[in-house]
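Architecture at a glance
One letter stands for each residue in the lines below.
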Protein chains: 2
Amino acid sequence: PATGPWQESSVYRSGINLNEIYVLLTMINNCIISVCYNVIVSVFIFQGAKKPFNEVIRANIGDAQAMGQKPITFFRQVMALCSYPELLEDDKFPDDAKQRARRILKACGGSSIGAYSASQGIECIRQDVSRYIEKRDGFASNPDNIYLSTGASDAIVTILKLLVAGEGSNRTGVLISIPQYPLYSATLADLGAVQVNYYLNEDSCWSLDIPELKRAVTEARQHCNPRVLCIINPGNPTGQVQSKECIKNVIRFAKEERLFLMADEVYQDNVYRDNEFHSFKKVLFEMGSEFSSTVELASFHSTSKCYMGECGFRGGYVEVINLDPGVKAQLTKLVSVRLCAPVPGQALLDLVVNPPQPDEPSHATFMKERTTVLANLAEKAKLTEEIFNTVPGIKCNPVQGAMYTFPQIKLPQKAINKAKEAGQEPDMYYCMRLLEEEGICLVPGSGFGQRKGTFHFRMTILPPTEKLKIVLKKISDFHVRFTKEFSE
Amino acid sequence: PATGPWQESSVYRSGINLNEIYVLLTMINNCIISVCYNVIVSVFIFQGAKKPFNEVIRANIGDAQAMGQKPITFFRQVMALCSYPELLEDDKFPDDAKQRARRILKACGGSSIGAYSASQGIECIRQDVSRYIEKRDGFASNPDNIYLSTGASDAIVTILKLLVAGEGSNRTGVLISIPQYPLYSATLADLGAVQVNYYLNEDSCWSLDIPELKRAVTEARQHCNPRVLCIINPGNPTGQVQSKECIKNVIRFAKEERLFLMADEVYQDNVYRDNEFHSFKKVLFEMGSEFSSTVELASFHSTSKCYMGECGFRGGYVEVINLDPGVKAQLTKLVSVRLCAPVPGQALLDLVVNPPQPDEPSHATFMKERTTVLANLAEKAKLTEEIFNTVPGIKCNPVQGAMYTFPQIKLPQKAINKAKEAGQEPDMYYCMRLLEEEGICLVPGSGFGQRKGTFHFRMTILPPTEKLKIVLKKISDFHVRFTKEFSE
């Protein structure tokens, strides 16, 4: 119809890159993949051409429970109790689960998770978040600085919205890593902020090097006003874990350049082998008051990753440090417009930050479940690196953390030409061929950004071990076959 | 700290009206009220001045369960089963609850509500929403046109975002009723859209008159590009229910003026006495293809109101009609950035649109609970109108629907002067005095907008009947006392 105001809307013209959206869709929901799969099924039905696989394996989405990971029993017991408090009389539920549920319900309006909470989140849950941070970091945390959110994404969008301003060459520039998680580029495009790329150093395990940050900021100052620096640690899609020394250098750099730090730390429990997670908050406070009282920081966490993988509940929080009180009032305003984060997600977050303690009846089971998931992921991280690095033309950094590997793939020039003829990015062509031939769904590196002339894919390490082994074998064989096909 | 990019951010300078925010806060969460209450308690403690009330009664928030309304048993049983599927083996749960839970879980990735859903929402739930709309309206509904959301607010913000464009005198104007629900004005301020006010006709029960719409559009064309018309029906804060004739006229007007219609219909079950709810979709399709194939419409619904009042779950949906396929693709992009609406909220919405049927074991209890809540609200609506209209200086329209009354209060000139001296809106001064003296929390009309020189407050009809009677009596007595005080 001709009446649509949308033709002129900023979203319609936002320049959100379709490729990024492909990545978002493939990673996050089933749309594109369903489409691909339906096309494949259609081809099978209408042309009678049997596909050489029985199922599509989705190694594209960081969605643990969709890949068969079981929820933590204690968490779900408490959620059931909160949903239907009649169960508080049921002997089947352990006392600590009941105690948690009673405490959460008491903090809700009308003792029900069906009531709105305060926009910033339920107060006793914000207190629990603060205690969790204090225990993790060894430094004080103020519940007033905690905002509960609808997953970390919601909080990241909100904070970016608060920070983006100015016009023309004074427009806010936001530094994001390349490769990056497309939430950032999509949000920046939507807000009309200037995306400033800094490249992670693939040769030293995707490290974050200060000279590269300096280059990015200096170049950006020519055409915008760089004011925000985003870091994802442990890394998505690159799976690296930043060292404490690196984080110190980043903080020093942020202070010098007067940058607001956004630390996306949703994979903080997903750290494997000898690596250790250091929160930006902790390192900032270890550096003394010269830093801890001046550098502005927002740190994000979520219920969606780590050992729990509760993506569907959309729980999350942001802790803000050194935010001006006037700005905090604006932040509160901003979150008030959408009323409150979902209360079931808030309740689940409360369990994540306040899990069963050693003297409680659910502790043993909880620890067993948690440890099993994390040990499993560590094993699969190792396996992935080892198998990929045996394949000529695949180069894979150690998966130090998170749930992803982002190996570089060498593509023959003829394959690159073929893709370009088809108007596709070469690694997109590669991933589509892999999907067609093996039923394995990965995300092409071009959706995350990569150095020109290099090609990658992102694969999750979430499939169960036995299935992951098959996936790794199939990708390896495919790579050899693909390379051979285009090298003749 | 001096490093903050926020000083220049659009949010910081958005001009979101503090008064609106006061309304948002008092309506939605407990911030401001807690502050007031704490001040009162502090005064009591430090000055030894006992307040003349024992509790603060919050008649300011449309939050039914916070006011003691019990959740629908069936809904919460299914939520418990979805949260902790081990309960599917438990004899305590009726078969229809188990069947619903199994069906929802089957539609989830990994059969878990902990997995992400597609960004547009779980497909079988969108199908159920379509069937609900078809049954309600008698016209076809396409699940592809349904987007599940984090409460209705989220969908309203998203659609507004999609529609706002242009610069200067070409900037999109959005028509909203006065009085209005502050979500609209706050979002428009945030998006930099032009708020175009049309006044509801208080003298004929807050009716929506076409000449007034015409006046608003015509005047707006001088300085912006009015392209969107928002209607809240049943009305918030005004509690009216629009007639079918009125809706027809609005649709004709929208077609003539090429306006995109946004119909906020979250109170669709909250209709009392002889009034009947007519959805914009149904009326649009009754008007024939000249209208039904051209007028663009977005209609919103939520789990937060009606008989269920499940605000905390943040469930909701929008149905879009006559949206260009290219725009729908943009809408899908936009919702993808935040991944998906909370899955527990989606599940609860599924129960709202597909409640127990007459041949199912939970039907009788469900109907009894639903009928009791709605009959209760109808009784309280009547009571409110009757009692307020006995008070000289309070004029109250019939509460035909929703959960609010918005009576006009006559304030003596001396009270108006006194408020202005204190830098307050007169009805804000009135409400603060009421809070101080009687412990009753209302929202001043100035937060919603009202014709110049008139004063109102919004009160919910949610307190339990016996408590509501006390509230009505106390407000009535206060009004007489207040009027007398300033008339001497």
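Residues numbered from 1 in each chain as written. Chains lettered and ligands numbered in written order. Predicted model: local features only at pLDDT ≥ 70, side-chain atom pairs only at ≥ 80, totals over all residues. Heavy atoms only, no water.

Per an unreviewed UniProt entry, chain A goes by Alanine aminotransferase 1 and derives from Takifugu rubripes. Per UniProt, chain A carries the Subcellular location (unreviewed entry) text "Cytoplasm". Turning to chain A, the UniProt record has this under Function (unreviewed entry): "Catalyzes the reversible transamination between alanine and 2-oxoglutarate to form pyruvate and glutamate. Participates in cellular nitrogen metabolism and also in liver gluconeogenesis starting with precursors transported from skeletal muscles." (UniProt positions renumbered as here; feature names shortened; annotations may be inferred.)

This part covers the overall build of chain A. Broken down by element type, chain A carries 17 helices and 14 strands. Of all 488 residues assigned to chain A, the portion counted as buried reaches 65%. Taking the contacts inside chain A whose residues are at least 6 apart along the sequence as the reference set, 72% of them involve residues at least 24 apart. Carbon and sulfur atoms make up 52% of the accessible area of chain A, which totals about 17,200 Å². (Helix = DSSP H or I, 4+ residues; strand = E, 2+ residues; numbered from the N terminus. Buried < 20%, exposed > 50% of the residue type's maximum accessible area, 1.4 Å probe, protein only. Contact = heavy atoms within 4.5 Å. Areas by Shrake-Rupley, 256 points an atom, 1.4 Å probe, with all protein chains shown as cover.)

What follows is about the sheet that holds strand 6 (residues 260-264) of chain A. Residue and element names in this part refer to chain A. If you trace the 7 strands from one edge of the open sheet to the other, you get 2-8-7-6-5-3-4, paired in mixed fashion. The outermost strands of the open sheet, each flanked by one partner alone, are strand 2 (146-150) and strand 4 (194-199). In this sheet, neighbouring strand axes are inclined to one another by 25° on average, regardless of whether the strands run parallel or antiparallel. As defined by bridge partners, strand 6 adjoins strand 7 (residues 297-302) across 4 bridges and the pair is classed as parallel. Among the inter-strand pairings, M262 is bridged to a residue of strand 7, identified as A298. (Pairing = 2+ DSSP bridges. Axes fitted to C-alpha atoms, helices over the stretch in contact; angles between N-to-C directions.)

Between chain B and chain A, the residue contacts involve 94 residues of the former and 95 residues of the latter. Summed over both partners, the interface of chain B with chain A comes to about 7,800 Å²; 60% of that surface belongs to carbon and sulfur atoms. Where D190 of chain B meets K161 of chain A, a salt bridge forms, and the shortest distance between an N and an O atom there is 2.6 Å. Ranked by the residues each element gives to the side of chain B that touches chain A, the list is headed by helix 3 (residues 73-83) of chain B, at 7 residues. Split by residue class, the side of chain B that touches chain A holds 47 nonpolar, 30 polar and 17 charged. (Buried area = accessible area lost by both parts, 1.4 Å probe. Salt bridge = Lys/Arg side-chain N within 4 Å of Asp/Glu carboxyl O. Nonpolar A, V, L, I, M, F, W, Y, C, P; charged D, E, K, R; others polar.)

Let's shift gears to the pattern of salt bridges. Pairs can form between side chains of opposite charge once their charged atoms are near each other. All told, the structure shown has 48 salt bridges over all chains when counted by the stated rule. D350 of chain A is paired through a salt bridge with R103 of chain A; the nearest N and O atoms lie 3.8 Å apart. Note that D350 of chain A is positioned in helix 13 (residues 343-353) and R103 of chain A in helix 4 (residues 95-106), a separation of 247 residues in sequence. Salt-bridge contacts for E319 of chain B lead to K281 of chain B; the nearest nitrogen and oxygen are separated by 2.9 Å. Here K281 of chain B lies in helix 10 (residues 280-286) and E319 of chain B lies in strand 8 (residues 315-321), a separation of 38 residues in the sequence. The exposure classification of E319 of chain B matches that of K281 of chain B, with both residues buried. In this structure, a network of salt bridges that share partners links the residues R433, E437, E438, R481 and E485 of chain A.

Residue and element names in this part refer to chain B. Mapped onto the fold, N236 is located in the loop between strand 5 (225-232) and helix 9 (244-257). Here N236 falls in the buried class, since its relative accessible area comes to 4%. Here Y267 takes part through its side chain, which lies 3.4 Å from a polar atom of the side chain of N236. Engagement of the side chain of N236 in a polar contact is seen with the side chain of R458, the distance being 2.8 Å. Discounting chain neighbours no more than four positions away, the residues touching N236 are Q180, Y181, Y267, Y404 and R458. (Polar contact = N/O pair within 3.5 Å; in protein donor to acceptor, adjacent residues only side chain to side chain.)

Another point: the domain arrangement of chain A. Residues and elements named next belong to chain A. Assigned domains within chain A: domain 1 (22-67 + 370-486) and domain 2 (102-353). Taken together, the contact pairs 34 residues of domain 1 with 35 residues of domain 2. When domain 1 packs against domain 2, the two sides together hide about 2,800 Å² of surface, and 55% of this comes from carbon and sulfur. Taken together, the links from domain 1 to domain 2 amount to 2 salt bridges. Between R273 and E385 there is a salt bridge, and its shortest N-O distance comes to 2.8 Å. Viewed at the interface, domain 2 and domain 1 are joined by 17 residue pairs in polar contact (both at pLDDT 80 or more). At the level of elements, helix 1 (18-28), helix 14 (363-388) and strand 10 (404-405) are the ones that each hand at least two residues to the side of domain 1 that touches domain 2. By residue number, the principal contributor to the side of domain 1 that touches domain 2 is helix 14, which donates 7 residues. The class makeup of the residues in the side of domain 1 that touches domain 2 is 17 nonpolar, 11 polar and 6 charged. (Domains from an automatic or database assignment.)

To continue, consider the relation of the copies chain B and chain A. Take chain B, turn it by 180°, move it 0.0 Å along the axis, and it overlays chain A with an RMSD of 0.0 Å. The transformation relating the two chain copies, once decomposed into turn and shift, fits a two-fold axis. The position closest to the rotation axis in chain B is occupied by the C-alpha of A80 of chain B, lying 2.1 Å away. Interface overlap between copies: 100% of the residues of chain B at the interface are likewise at the interface in chain A, consistent with a symmetric, same-surface contact. (Least-squares fit on C-alpha atoms with pLDDT ≥ 70 in both.)

Residue and element names in this part refer to chain B. By the element assignment, L435 lies in helix 16 (residues 426-438). Residue classification places L435 among the buried residues on the basis of a relative accessible area of 4%. Sequence-wise, L435 and G309 are 126 residues apart; in three dimensions their C-alpha atoms are separated by 25 Å.

Looking now at the pairing of strand 2 (residues 146-150) of chain B. Residues and elements named next belong to chain B. Within strand 2, 5 of the 5 residues are buried, which leaves the element mostly enclosed by the surrounding structure. Pairing of strand 2 with strand 8, which is carried by 5 bridges, proceeds in the antiparallel orientation. Its bridge partner being in strand 8, L148 is matched across the sheet by Y317.

All names here are of chain B. Mapped onto the fold, S299 is located in strand 7 (residues 297-302). Polar contacts involving the side chain of S299 include one to the side chain of E265, which spans 2.8 Å. What S299 contacts, discounting residues up to four positions off in sequence, is A263, E265, Y317, V318 and E319.

Let us now look at the UniProt feature "domain: Aminotransferase class I/classII large" (unreviewed entry) in chain A. UniProt tags residues 78-475 of chain A as "domain: Aminotransferase class I/classII large" (unreviewed entry). Along residues 78-475 of chain A the backbone is 44% helical and 15% strand, and the end-to-end C-alpha distance reaches 41 Å.

On to the packing of helix 5 (residues 123-137) of chain B against helix 13 (residues 343-353) of chain B. How two helices sit against one another is set out by the angle between their axes and by the gap between those axes. Residue and element names in this part refer to chain B. Where helix 5 contacts helix 13, the two axes come as close as 9 Å, and the packing angle between them is 30°. By the angle between their axes, helix 5 is roughly parallel relative to helix 13. Between helix 5 and helix 13 lies a crossing of left-handed hand. For the pair helix 5 and helix 13, the contacting residues are C124, I125, D128, V129 and Y132 in the first and Q346, A347, L349, D350 and V353 in the second. Across the contact of helix 5 with helix 13, the residue classes tally to 7 nonpolar, 1 polar and 2 charged. (Parallel < 35°, antiparallel > 145°, perpendicular 65-115°, else oblique. Left-handed = near helix turned anticlockwise from the far one by under 90°.)

Another aspect to go through is the pairing of strand 4 of chain A. All names here are of chain A. Taking every second residue as pointing to the same face, the buried face of strand 4 carries V194, V196 and Y198, while none of Q195, N197 and Y199 on the other face is buried. Pairing of strand 3 (residues 172-178) with strand 4, which is carried by 6 bridges, proceeds in the parallel orientation. If you follow S177 over to strand 4, its bridge partner there is Y198. Read from strand 3 through helix 7 (residues 182-191) to strand 4, the crossover connection turns out right-handed. (Right-handed = clockwise from strand over helix to strand, strands pointing away.)

Residue and element names in this part refer to chain A. In this model, helix 9 (residues 244-257) (14 residues) spans 20 Å end to end at C-alpha, consistent with the 20 Å of a helix rising 1.5 Å per residue. Looking at helix 9, one finds that the buried residues are C246, I247, V250, I251, F253, A254 and E257. Taken end-on, helix 9 shows its buried residues confined to a sector of 160°, consistent with a single buried face. As for helix 9, its buried residues are in contact with helix 8 (210-220), strand 5 (225-232), strand 6, helix 10 (280-286) and helix 11 (289-292). R258 lies just past helix 9 and shows a positive phi near 55°. (Expected span 1.5 Å × (residues − 1). Arc of directions from axis to C-beta.)

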